[in-house]
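Summary of the model geometry
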Amino acid sequence: MELEDGQKLSDANGVYGFVVGGIVDNHFKSHRLHGPRAYDFDPKVFRDGVDGDIEFHRTPSGETMLLLYVDESSVVHLADVNRVGDIFAYYSPHGAHNQLVTVPINRITDWDHRDSYPDFAEVSID
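Report follows, based on the coordinates. (Residues numbered from 1 in each chain as written. Predicted model: local features only at pLDDT ≥ 70, side-chain atom pairs only at ≥ 80, totals over all residues. Heavy atoms only, no water.)

Quick notes on the packing of aromatic side chains
- Counting across every chain of the model gives five aromatic pairs.
- A centroid spacing of 6.3 Å and a plane angle of 80 degrees characterise the contact between Tyr16 and Phe18, whose relative ring orientation is edge-to-face.
- When the centroid spacing of 4.8 Å and the interplanar angle of 25 degrees are considered together, the rings of Tyr90 and Phe120 count as stacked. Of this pair, Tyr90 sits in strand 4 (residues 85-90) while Phe120 sits in strand 7 (residues 120-125), placing them 30 residues apart in sequence.
- Pairwise contacts between aromatic rings join Phe88, Tyr90 and Phe120 into one cluster. (Phe/Tyr/Trp six-rings, centres within 6.5 Å; stacked < 30°, edge-to-face > 60°. Helix = DSSP H or I, 4+ residues; strand = E, 2+ residues; numbered from the N terminus.)

A few points about unusual backbone geometry
- For the bond from Tyr117 to Pro118, the omega torsion is -5 degrees, close enough to zero to count as cis.
- With respect to the helices and strands, the residue Pro118 is situated in the loop between strand 6 (108-114) and strand 7.

Overview of the pairing of strand 6
- For strand 6 and strand 7, the ladder comprises six bridges, and the chain directions are antiparallel. Across the sheet, residue His113 finds its bridge partner in strand 7, namely Ala121.
- Two successive antiparallel strands, strand 6 and strand 7, enclose a turn made up of five residues. (Pairing = 2+ DSSP bridges.)

Notes on the pattern of salt bridges
- Following the criterion strictly, the structure yields two salt bridges and no others.
- Among the ionic pairs, Arg114 bridges to Asp112, the shortest N-O distance being 3.4 Å.
- Across the pair Glu122 and Arg114 runs a salt bridge whose closest N-O atoms are separated by 2.5 Å.
- Taking the relative accessible area as the measure of exposure, Glu122 reaches 23% and is therefore partly exposed. (Salt bridge = Lys/Arg side-chain N within 4 Å of Asp/Glu carboxyl O. Buried < 20%, exposed > 50% of the residue type's maximum accessible area, 1.4 Å probe, protein only.)

What about helix 2 (residues 72-79)?
- Among the residues of helix 2, those classed as buried are Ser74, His77 and Leu78. The arc that holds the buried residues of helix 2, viewed along the axis, is 95 degrees, so those residues lie on one side. Residues Glu72, Ser73, Val76 and Ala79 are exposed on helix 2 and point more than 90 degrees away from its buried face.
- On its buried side, helix 2 packs onto strand 3 (64-70), strand 4, strand 5 (99-104) and strand 7. (Arc of directions from axis to C-beta. Contact = heavy atoms within 4.5 Å.)

What to know about the environment of Gly95
- Residue placement: Gly95 occurs in the loop between strand 4 and strand 5.
- Taking the C-alpha atoms as reference, Gly95 lies 9.6 Å from Val70; in sequence the two are 25 residues apart.

This is the structure we're talking about:
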């Protein structure tokens, strides 16, 4: 809602918004020395996304989910909670990366944003 536009994510449960992919990348880069701390991911919620933005949802229970586009093999990879490794995730559909998935931010251990068209990231999943 307009009321939530620009609020910190921690102040709004049960909402969705958009964040620039580089902000997610900066979050994980800042924690590479300190270990992954996904719980402190607290960007501002913006209601309108543009190219290079990632949609995210904050569930009523407070869990943050990133909406990403992956290929079919990555869907299988993500479905297996016992598998770890890297996937390529696009912020919008692109070629074979056209499967929309929601990834809990607490499963992400690293994020390497790639400036390209369209933007994507190499994402390490735990």
